[in-house]
Amino acid sequence: MVRPEDIQAWIESGLPCERVEVAGDGAHFEALIVSAGFDGKSRVQRQQMVYKALGGRMERGEIHALSMRTLTPQEWQAQRG
Amino acid sequence: MDIKDRIHQQVTGHRVALYMKGTPRFPQCGFSATAVQILKHCGVTDFFSANVLEDADLRQGVKEYANWPTIPQLYINGEFVGGCDIMKEMYHSGELKKLLEAAVPAG
């Protein structure tokens, strides 16, 4: 079964990130991903970058469901207040 | 017709198109149910929808068409807007309602 730390490691290996947090129960996962690489990218492009980092695991159904928030470091700072 | 052509016709032939699991009345996945609810909250009740669970070609086809591995998928005027997360974010920020209002004339 896929663990949250697996997903975190896959994302970090495929995408330079300032911060990755993943929680989940093996079927449904939620992730917060903070990366400077998201700067200037649309929401769609950001998620596509994460999907790409996951190397086809979404497409193959290894990860059933992954909700994500994709933020630049500046957006992350602003959200934390 | 090629599946990509079929999808292209569907998304460009309707102002709002949603690929989902199940139907708007009977969604078969929580994320698809959320997508339908968000559209309703934005005042959109009449939209094109297709149930990918009934059509394996379509299910695979939409993933390749948008380079997006998950369902639901929302299109407005032929443009891929995003999946459930993006719909939620854009709903809360008010962007989605604006986008839909611009795409769907009132009344």
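Trainee: So, the overall build of chain A: which residues are in play, and what are the values?
Mentor: Looking only at helices and strands, one finds three helices and three strands in chain A. Start at the N end of chain A and walk to the C end: the helices and strands fall as α-β-β-α-β-α. Taken over C-alpha atoms, the radius of gyration comes to 12 Å for chain A, in line with the 12 Å a tight globule of 81 residues would show. C-alpha extents for chain A along the principal axes are approximately 35 × 20 × 20 Å. A separation threshold of at least 6 residues defines the contact pool for chain A, and within that pool the share at least 24 residues apart is 53%. Here chain A has roughly 4,400 Å² of accessible surface; of this, 46% comes from carbon and sulfur atoms. With 10 positive and 11 negative side-chain charges, chain A shows a spacing of 5 Å between the two charge centroids.

Trainee: Could you give me a rundown of the nonpolar core, with the residues and numbers involved?
Mentor: Ile33(A), Tyr19(B), Leu39(B), Leu74(B) and Leu96(B) are the most contacted members of the largest nonpolar core, which has 52 residues in total. Looking at this core element by element, the count peaks at five residues for strand β1 (residues 16–20) of chain B.

Trainee: Pulling in residues and values, what's your account of the sheet that holds β1(B)?
Mentor: Residue and element names in this part refer to chain B. As summarised here, the arrangement of the four strands in space is β2-β1-β3-β4, forming an open sheet in which the pairing is mixed. The open sheet is flanked by β2 (48–51) and β4 (79–82), the only strands paired with a single partner. Strand-to-strand twist in this sheet, taken as the mean axis angle between neighbours without regard to direction, amounts to 25°. Looking at chain direction, β1 and β2 are connected through four bridges and run parallel. Bridge assignment links Leu-18 to a residue of β2, and that residue is Ser-49. On top of the sheet, helix α1 (residues 3–13) reaches β1, β2 and β3 (73–76); it is set at about 135° to β1, its chief contact.

Trainee: Residue-level account of the layout of surface pockets, with values.
Mentor: There is about 340 Å³ of room inside the largest pocket. Along the wall of the largest pocket there are 23 residues; nearest its centre are Met58(A), His64(A), Ala65(A), Thr70(B) and Ile71(B). Those elements giving two or more residues to the lining of the largest pocket turn out to be α2 (43–53) and β3 (65–71) of chain A together with α3 (56–65) and α4 (84–93) of chain B. When residues in the lining of the largest pocket are grouped by element, the largest group, three residues, is from β3(A). Tallied by class, residues from the lining of the largest pocket come to twelve nonpolar, six polar and five charged. Volume-wise, the second largest pocket comes out at about 270 Å³. For the second largest pocket, the lining is made up of 14 residues, of which Glu30(A), Ser67(A), Met68(A), Arg69(A) and Asp85(B) are closest to its centre. When contributions to the lining of the second largest pocket are tallied by element, the ones reaching two or more residues are β1 (19–24), β2 (28–34) and β3 of chain A together with α4 of chain B. Here the lining of the second largest pocket gets four residues from one element, more than from any other, and that element is α4(B). Here the lining of the second largest pocket is composed, by residue class, of six nonpolar, two polar and six charged.

Trainee: I'd like a rundown of the interface of chain A and chain B, residues and numbers included.
Mentor: Contacts between the two partners involve 13 residues from chain A, matched on the other side by 15 residues from chain B. Taken together, both faces of the contact between chain A and chain B bury some 1,200 Å²; the carbon and sulfur share is 55%. Notably, a salt bridge pairs Arg43(A) with Glu89(B), separated by 2.8 Å at the nearest N-O pair. For the pair chain A and chain B, the interface holds seven residue pairs in polar contact (both at pLDDT 80 or more). Of all the elements in the fold, those that place two or more residues in the side of chain A that touches chain B are α2 and β3 of chain A. Grouping the constituent residues of the side of chain A that touches chain B by class yields six nonpolar, four polar and three charged.

Trainee: Report on the packing of α4(B) against helix α5 (residues 95–103) of chain B, specifying residues and quantitative values.
Mentor: All names here are of chain B. Look at α4 against α5: their axes get within 4 Å of each other, and the N-to-C directions meet at 90°. By the angle between their axes, α4 is roughly perpendicular relative to α5. Residue-level contacts link Met-87, Met-90, Tyr-91 and Ser-93 of α4 to Glu-95, Leu-96 and Leu-99 of α5. When grouped by side-chain class, the residues that make up the contact of α4 with α5 number five nonpolar, one polar and one charged.

Conventions and cut-offs
Residues numbered from 1 in each chain as written. Chains lettered and ligands numbered in written order. Predicted model: local features only at pLDDT ≥ 70, side-chain atom pairs only at ≥ 80, totals over all residues. Heavy atoms only, no water. Helix = DSSP H or I, 4+ residues; strand = E, 2+ residues; numbered from the N terminus. Rg over C-alpha atoms; globule rule 2.2 N^0.38 Å. Contact = heavy atoms within 4.5 Å. Areas by Shrake-Rupley, 256 points an atom, 1.4 Å probe, with all protein chains shown as cover. Lys, Arg positive; Asp, Glu negative; His and termini not counted. Charge placed at Lys NZ, Arg CZ, Asp CG, Glu CD. Core = buried A, V, L, I, M, F, W, Y, C linked by side-chain atoms within 4.5 Å. Buried < 20%, exposed > 50% of the residue type's maximum accessible area, 1.4 Å probe, protein only. Pairing = 2+ DSSP bridges. Axes fitted to C-alpha atoms, helices over the stretch in contact; angles between N-to-C directions. 1 Å grid on protein atoms, 1.4 Å probe; cavity = no way out; pocket = protein on both sides within 12 Å on 5 of 7 lines; lining within 4 Å. Points joined across faces, edges and corners; volume = space filled by probe spheres on them. Nonpolar A, V, L, I, M, F, W, Y, C, P; charged D, E, K, R; others polar. Buried area = accessible area lost by both parts, 1.4 Å probe. Salt bridge = Lys/Arg side-chain N within 4 Å of Asp/Glu carboxyl O. Polar contact = N/O pair within 3.5 Å; in protein donor to acceptor, adjacent residues only side chain to side chain. Parallel < 35°, antiparallel > 145°, perpendicular 65-115°, else oblique.

Note that every value here comes from positions in space, so none of it alone points to a role or purpose.
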